[in-house]
Amino acid sequence: IEPVLKRWLAQAKDRMNPPFESFVVTYIPIHESRKRSRGFDQADQLATWVAEMHQMPCARVLVRKRKTDSQAKTSHTDRHVGELDGIYSLDSSLQEIPDCILLCDDVFTSGATMDAAAKCLKEAGVKQVWGFVIAKGNS
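Residues numbered from 1 in each chain as written. Predicted model: local features only at pLDDT ≥ 70, side-chain atom pairs only at ≥ 80, totals over all residues. Heavy atoms only, no water.

(A) Examining the sheet that holds strand β1 (residues 23–27) more closely. Pairing is parallel in the open sheet, where 3 strands are placed in the order β1-β4-β5. The sheet is open, and its two edges are formed by β1 and β5 (128–136), each paired on a single side. Averaged over all neighbouring strand pairs, the angle between strand axes comes to 25 degrees, with direction disregarded. As defined by bridge partners, β1 adjoins strand β4 (residues 100–108) across 5 bridges and the pair is classed as parallel. In the strand pairing of β4, Val25 is matched with Leu102. Against the sheet, helix α4 (residues 112–123) contacts β4 and β5, and its axis sits at roughly 165 degrees relative to β4. (Pairing = 2+ DSSP bridges. Helix = DSSP H or I, 4+ residues; strand = E, 2+ residues; numbered from the N terminus. Axes fitted to C-alpha atoms, helices over the stretch in contact; angles between N-to-C directions. Contact = heavy atoms within 4.5 Å.)

Here it is as structure tokens:
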């Protein structure tokens, strides 16, 4: 599916024109156990592609502190913004907190995951957080 996703990103490139000069691209990480099971983190891969396409720096900024059920597989009546607060923290190897971040994830469903990650970043001092996803799920 990689060639298809890259083609979609290339087709959308001209519509994606926020002021990215000072942005760092990062991603919403999956839990390490899920990454070991899959062998990769799809949001990390998406962030890498977006950064390469727009010639932007890309860095791991967040870590997932605890495993949760997949939001995409959770009933929309059981998903709520705010319920995932506190599951992310800054990567301890981060040397400097960026002022502006483009936060990538694969699917936006209820917004709970994006909200929790953005809150963590804002609380750490990030001034602007923009979200980017490849797909919108049913909420």
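(B) Structural context of the packing of aromatic side chains. Enumeration over the complete set of coordinates arrives at 1 aromatic pair. Consider the rings of Phe23 and Trp130, whose centres lie 5.8 Å apart with planes at 90 degrees: the pair is edge-to-face. With a gap of 107 residues between them, Phe23 in strand β1 and Trp130 in strand β5 connect regions that are remote in the sequence. A residue is classified by how much of its surface remains accessible, and Phe23, at 1% relative accessible area, is buried. (Phe/Tyr/Trp six-rings, centres within 6.5 Å; stacked < 30°, edge-to-face > 60°. Buried < 20%, exposed > 50% of the residue type's maximum accessible area, 1.4 Å probe, protein only.)

(C) Local environment of the packing of helix α1 (residues 2–12) against helix α3 (residues 42–53). Axis separation between α1 and α3 bottoms out at 11 Å; the angle between their running directions is 40 degrees. Put simply, α1 runs oblique to α3. For the element pair α1 and α3, the recorded crossing hand is right-handed. Here Glu2, Leu5, Lys6, Leu9 and Ala10 of α1 lie close against α3, whose contacting residues are Leu46, Trp49, Val50 and Met53. (Parallel < 35°, antiparallel > 145°, perpendicular 65-115°, else oblique. Left-handed = near helix turned anticlockwise from the far one by under 90°.)

(D) Inspection of the confidence of the model for the protein at higher detail. Considering every residue of the protein, the mean pLDDT works out to 86; 88% of them sit at 70 or more. β1 holds the highest mean pLDDT among the elements of the protein, 96, whereas helix α2 (residues 32–38) holds the lowest, 84. (pLDDT = per-residue confidence, 0-100.)

(E) Representation of the pattern of salt bridges within the structure. By the definition in use, this model includes 5 salt bridges. Across the salt bridge formed by Lys119 and Asp85, the nearest N and O atoms sit 2.9 Å from each other. Placement of the pair is Lys119 in helix α4 and Asp85 in the loop between β2 (62–64) and β3 (88–90), with a sequence separation of 34 residues. Residue classification places Lys119 among the partly exposed residues on the basis of a relative accessible area of 33%. According to the relative accessible area criterion, Asp85 is partly exposed, its value standing at 34%. Residue Lys119 is joined to Asp115 by a salt bridge in which the shortest nitrogen-to-oxygen separation is 3.4 Å. You can see Lys119 and its partner Asp115 sitting in helix α4, 4 residues apart, about one turn around the helix. Salt bridges linked by common partners bring Asp85, Asp115 and Lys119 together as one network. (Salt bridge = Lys/Arg side-chain N within 4 Å of Asp/Glu carboxyl O.)

(F) Geometry of the side chain of His31. With respect to the element layout, His31 can be found in the loop between β1 and α2. A polar contact of 2.9 Å, which involves the side chain of His31, links it to the side chain of Ser33. Once residues within four sequence positions are removed from consideration, His31 is found in contact with Arg64, Lys65, Arg66 and Lys67. (Polar contact = N/O pair within 3.5 Å; in protein donor to acceptor, adjacent residues only side chain to side chain.)

(G) Layout of unusual backbone geometry. One non-glycine residue, Gln55, adopts positive backbone phi at about 50 degrees. Accessibility expressed as a relative area gives 70% for Gln55, which makes it exposed.

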